[in-house]
Amino acid sequence: MKQITVTTLATMKRKGEKIAVLTCYDASFTTVLEEAGVEVLLVGDSLGMVIQGQDSTLPVTVDEMVYHASCVARVRQQALLMVDMPFLSYATVDLAVATATRLIQQGGAQMVKLEGGAQQLETVRILSQNGVAVCAHLGLQPQSVHKLGGYHVQGRDDKQASRMLREARELQSAGAQLLVLECVPAILAAEITCSLEIPVIGIGAGGECDGQVLVLHDILGLTSGHVPKFVKNFMQQGGAIQDAVGAYVSAVKGGSFPAAEHCFI
Ligand code: KIV
């Protein structure tokens, strides 16, 4: 069985093959997602909301991330296992090194993801120099929800847009090997995707990104309350969970997801 690695993802970008990413928090779904062809399993801190019933990602702890990551790692066969560094667990470089160590050694993470731009450059550099695969996360950063004043599209004005482009380049230079862009106008996400060598994975960032990520529970229609514009419920066409995940992977790879209605201008 061929392992998906950062090299696989970089090659997919070069060949123009779309990358399918989904969040995953347990062993049962790991098997379903891998059988459907998902390349990257993200143990996201969104588990705070969809698993724990919290109203944000902020209460999620490193212990909890380690627990869920290890549930996925135990049965994972070939997909790349990426794990979120939770809120304030990478506020200093030393803390980031300690958190990444736990996520990798106890959780089985193969890549860690952290939110932020310029303020994270040194952390990304140190982790990368020490052999850690890092995914950066720009645009809407849910861990900063209270500072941002809500979950809003980022990068709509020229100043914000050029800062995001600059930070994306700097994160790549610091050693990030993947970038998630969340809730960004499609045109800006396309520009960032073109100007980077590393793959860019979008969520509410248009169809020109190198791949897409969604929260698993959202594509299965399990989310109650407000459903973001960029979400598509793949259970609506009927069938089993396996069919819905397969339909998501096919739609990402075929370019039919995201459609215009899932994108921001
Ligand atoms: O925590 C998460 O699930 C995420 C994705 C939404 C990108 O960070």
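Located above this text is the structure these notes cover.
If you're wondering where the values come from, they're calculated on a predicted model, not measured in any experiment.

Chemist: Explain the overall build of the chain to me, using residue names and the numbers behind them.
Modeler: Helix and strand counts for the chain stand at eleven helices and eight strands. For 265 residues, the compact-globule estimate of 2.2 N^0.38 gives 18 Å, and the C-alpha radius of gyration of the chain, at 17 Å, lies within 12% of that figure. The C-alpha extent of the chain, read off along each of the three principal axes, is 45 × 40 × 40 Å. Here the chain holds 265 residues, and the buried ones make up 55% of them. In the chain, 62% of the contacts between residues at least 6 apart in sequence involve partners at least 24 apart. Of the roughly 11400 Å² of accessible surface on the chain, 52% is carried by carbon and sulfur atoms.

Chemist: Talk me through the pattern of salt bridges; I want residue IDs and the actual numbers.
Modeler: Any two side chains of opposite charge can pair, on the condition that their charged atoms come close. Applying the stated criterion across every chain, the model contains six salt bridges. One salt bridge in this structure joins Lys-253 and Glu-39, with 2.7 Å as the shortest N-O distance. Linking Lys-253 in helix H11 (residues 241-254) with Glu-39 in the loop between helix H2 (27-36) and strand E2 (40-43), this pair joins segments that are 214 residues apart in sequence. Classification of Lys-253 as partly exposed rests on a relative accessible area of 35%. According to the relative accessible area criterion, Glu-39 is buried, its value standing at 9%. A salt bridge links Asp-84 to Lys-113; the nearest nitrogen and oxygen atoms lie 2.8 Å apart. Taken together, the residues span a long stretch of sequence, with Asp-84 in strand E3 (residues 80-84) and Lys-113 in strand E4 (residues 111-115) at a distance of 29 residues. Assigned by exposure class, Asp-84 and Lys-113 land together as buried.

Each value, and the rule that gives it
- Counting restarts for each chain: residues are numbered from 1 in the order of the written sequence.
- pLDDT decides what is reported in this predicted model: residues at 70 or higher carry local features, side-chain atom pairs at 80 or more are listed and counted, and totals for whole chains, interfaces and linings draw on all residues regardless.
- With hydrogens and water excluded, all non-hydrogen atoms of the structure serve as input to the side-chain values.
- Under the scheme used here, helices are H or I runs from DSSP no shorter than 4 residues and strands are E runs no shorter than 2 residues, and both carry numbers assigned from the N terminus.
- Only the C-alpha atoms count toward the radius of gyration. The rule for a globule is 2.2 Å times the residue count to the power 0.38.
- For every residue, the accessible area obtained with a 1.4 Å probe (protein chains only) is divided by the maximum for its type, and the residue is called buried under 20%, exposed over 50%, and partly exposed between those limits.
- It only takes one pair of heavy atoms within 4.5 Å for two residues to be counted as in contact.
- Each accessible area value is a Shrake-Rupley result obtained with a 1.4 Å probe; residue values ignore everything except the protein chains displayed when judging cover.
- What makes a salt bridge here is a side-chain nitrogen of Lys or Arg within 4 Å of a carboxyl oxygen of Asp or Glu, nothing more.

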